[in-house]
Amino acid sequence: MSETMSIEQYLGAGGVLSSPANVTPRYRGELLRLMASFVDSELAGSAGFADIINEAPGIQERISAARIVLEKTDHAGQVLKIMETFGVDGGRYAVHHPWAARLSREADIGAVRQGGDMRLSVFHYPLEGWVDAVVMNVLMGTASVVQVREQTHVSYQPLAETFRAILPREKRHAELGAAGLARIVADEEARAKARTSVAYWYPRVAASFGHAGSARFETLSRFGLRHTPNETLLAEWQADADAQLSALGLI
């Protein structure tokens, strides 16, 4: 980086940083916030899904659910290791929130984070049985692929590399969910339940993309921590989710 170029100019031009020693305090704060949101969402998501494994209708479904729980927890651990290089106590971090805690099913919190952790708002809502969990996994799994793909381009190189390693597994989680949902809709009664769950989860997953014209996006964009506006990512998710749901007769 040229001594006459500001860090924002450098990052705006596509520059990358590779060490905690290189970052400014503001960049450090935004980077840690981004990582905390991912870690907290993975821990909360895996904790909620772990509670539902015993409701799986068969061995294959249990294996798929357990794999998702294991790998999402592992993803959180990989990003937490990067947070540790900035002084975060990883051992305390992983146990300092009740990750399985949820609000009531009827709560309406939009995109607002709650309590002391940084999980996406969708992970504050409880799952209600196996069909509901699979529908949520399909919709949020599809969203996670879109969101993690965006994060593979972050300007902090160690984090970008980690997200590039995580992305194929997030894609696999979405595929496992889609296969499970296809089995569910073969039963007419279960399909009706799935439609109810789609109506519940669709707007809540959509809210996880944040607001259009977000001021935070502008800030993160200047630091090279975001590149694609919220509304563009949302539209990409909607197109993918709608195609899957339509193929299964759920919309």
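Here's a quick rundown of the structure. (Residues numbered from 1 in each chain as written. Predicted model: local features only at pLDDT ≥ 70, side-chain atom pairs only at ≥ 80, totals over all residues. Heavy atoms only, no water.)

### A short note on the packing of aromatic side chains
Consideration 1: Evaluation of the coordinates by the stated rule reveals nine aromatic pairs.
Consideration 2: Ring plane angle 90 degrees and centroid distance 6.1 Å describe the contact between Y125 and Y200, whose orientation is recorded as edge-to-face. Of the two residues, Y125 sits in the loop between α4 (90-93) and α5 (129-151) while Y200 sits in helix α7 (residues 188-207), which places them 75 residues apart along the sequence. The pair formed by Y125 and Y200 is uniform in burial state, with each residue classed as buried.
Consideration 3: Pairing Y202 with W237 gives two aromatic rings, centres 4.7 Å apart and planes at 45 degrees, and the pair type is tilted. One end of the pair, Y202, is in helix α7; the other, W237, is in helix α9 (residues 230-247), and 35 residues separate them in sequence. Each member of the pair, Y202 as well as W237, carries the same accessibility label: buried.
Consideration 4: In this structure, R105 is placed above the aromatic ring of Y200, and the distance from its NZ or CZ to the ring centre is 3.7 Å.
Consideration 5: Seen from the ring of Y125, R204 lies directly overhead, with NZ or CZ sitting 4.9 Å from the centre. (Phe/Tyr/Trp six-rings, centres within 6.5 Å; stacked < 30°, edge-to-face > 60°. Helix = DSSP H or I, 4+ residues; strand = E, 2+ residues; numbered from the N terminus. Buried < 20%, exposed > 50% of the residue type's maximum accessible area, 1.4 Å probe, protein only. Lys NZ or Arg CZ within 6 Å of the ring centre and 35° of its normal.)

### Considerations on the pattern of salt bridges
Consideration 1: Enumeration according to the criterion identifies 16 salt bridges in this entry.
Consideration 2: Several salt bridges share partner residues, and in doing so they unite R67, E71, D74 and R169 into one network. (Salt bridge = Lys/Arg side-chain N within 4 Å of Asp/Glu carboxyl O.)

### Regarding the layout of surface pockets
A water-sized probe, rolled over the atoms, reveals where empty space remains.
Consideration 1: Empty space within the second largest pocket amounts to approximately 160 Å³.
Consideration 2: Lining the second largest pocket are 16 residues, with G14, H153, S155, G224 and H227 positioned closest to its centre.
Consideration 3: Elements with a minimum of two residues in the lining of the second largest pocket: α1 (7-12) and α6 (157-184).
Consideration 4: Sort the elements by how many residues they give to the lining of the second largest pocket and α6 lands first, with three residues.
Consideration 5: Partitioned by chemical class, the residues of the lining of the second largest pocket number four nonpolar, ten polar and two charged. (1 Å grid on protein atoms, 1.4 Å probe; cavity = no way out; pocket = protein on both sides within 12 Å on 5 of 7 lines; lining within 4 Å. Points joined across faces, edges and corners; volume = space filled by probe spheres on them. Nonpolar A, V, L, I, M, F, W, Y, C, P; charged D, E, K, R; others polar.)

### Notes on α6
Consideration 1: Along its 28 residues, α6 runs 41 Å from first to last C-alpha, staying within 8% of the 40 Å computed at 1.5 Å per residue.
Consideration 2: Maximal helix bending in α6 amounts to about 30 degrees, located at I166; proline P168 follows within four positions. (Expected span 1.5 Å × (residues − 1). Bend = angle between axes of the 7 residues up to and from the residue.)

### Side note on empty space enclosed by the protein
Consideration 1: What the rule picks out here adds up to two cavities of 30 Å³ or more.
Consideration 2: Taken as a whole, the largest cavity holds about 180 Å³ of empty space.
Consideration 3: Lining the largest cavity are 18 residues, and of these G45, K72, F123, M136 and N137 lie nearest its centre.
Consideration 4: At the level of secondary structure, the elements contributing two or more residues to the lining of the largest cavity comprise α2 (25-50), α3 (59-84) and α5.
Consideration 5: The class makeup of the residues in the lining of the largest cavity is nine nonpolar, six polar and three charged.
Consideration 6: Taken as a whole, the second largest cavity holds about 90 Å³ of empty space.
Consideration 7: Contributing to the lining of the second largest cavity are F49, E61, S64, A65, I68, W130, V134, N137, L176, G177, G180 and R183.
Consideration 8: Looking at the lining of the second largest cavity, the elements that each hand over two or more residues are α3, α5 and α6.
Consideration 9: Partitioned by chemical class, the residues of the lining of the second largest cavity number six nonpolar, four polar and two charged.

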